[in-house]
Amino acid sequence: MKRAAPYIAVLVLGLVTMPVVPAAAEELRDPRAIRQLQTLDCTFRLTNDHVKDVIMMQDATLSPDACVAACAKFAEESVVSMRDAVTILRYTCEYRGKRVADVNLKVT
């Protein structure tokens, strides 16, 4: 029995500290969350000195104009601050796979 005690202790400790299912996994089972993921129709892709066409943001906008506005807002809040640190800084905005904006942030 003395030999089994450490194994039992490890087993009990493992059960006590077992990770709980993350809330995000629960959310993905929610039909509303699934529909929301399926409606992502706007994609912001960044190109700078170090990366090319990297997806930085996706949103559900439901129109090309709203997509362009969402991309512009995201660029202003998250990307423009690196303007002086890089030589190339541009982004493209796609609505349902079709390019709706191509912006060079080094010029504007």
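So, here is what we can say about the structure in this document. (Residues numbered from 1 in each chain as written. Predicted model: local features only at pLDDT ≥ 70, side-chain atom pairs only at ≥ 80, totals over all residues. Heavy atoms only, no water.)

Structural notes on the pairing of strand S1 (residues 42–48)
Definition in use: We call a residue buried when its accessible area falls under 20% of the maximum for its residue type, exposed when it is over 50%, and partly exposed in between, using a 1.4 Å probe and counting protein chains only. Strands here mean DSSP runs of E at least two residues long; helices mean DSSP runs of H or I at least four residues long; both are numbered from the N terminus. The criterion for strand pairing is that DSSP finds at least two bridges linking the strands in question.
Judged by how many residues are buried, S1 sits mostly within the fold: six of seven residues are covered. Looking at chain direction, S1 and strand S3 (residues 89–95) are connected through seven bridges and run antiparallel. Across the sheet, residue Phe44 finds its bridge partner in S3, namely Cys93.

Focus on helix H4 (residues 64–78)
What counts, and what does not: By definition here, a helix of n residues has an expected span of 1.5 Å times n minus one. Here, the arc refers to the directions that run from the helix axis to the C-beta atoms. Should any heavy atoms of two residues lie within 4.5 Å, those residues are counted as being in contact.
With 15 residues, H4 should cover 21 Å at 1.5 Å per step; its first-to-last C-alpha distance of 21 Å lies within 8% of that length. Buried residues of H4: Cys67, Ala70, Cys71, Phe74 and Ala75, and no others. In a view along the axis of H4, the buried residues occupy a sector of 135°, so they form one face of it. Along H4, the residues that are exposed and aim more than 90 degrees away from the buried face are Asp65, Lys73, Glu76 and Glu77. At its buried positions, H4 is contacted by S1, strand S2 (54–59), S3 and strand S4 (98–104).

Structural notes on the pattern of salt bridges
Put simply, the rule reads: Criterion for a salt bridge: a side-chain nitrogen of Lys or Arg within 4 Å of a carboxyl oxygen of Asp or Glu.
Per the stated rule, a full pass over the model turns up four salt bridges. A salt bridge links Glu94 to Arg45; its shortest N-O distance comes to 3.2 Å. Pair noted here: Glu94 is in strand S3 and Arg45 is in strand S1, with a separation of 49 residues, a long-range link. The closest approach of N and O atoms between Asp102 and Arg99, which form a salt bridge, is 3.5 Å. Overall, the relative accessible area of 41% leaves Asp102 in the partly exposed class. Residues joined by salt bridges that share partners form a network here, namely Arg90, Arg99 and Asp102.

Geometric values such as these leave the question of function open.
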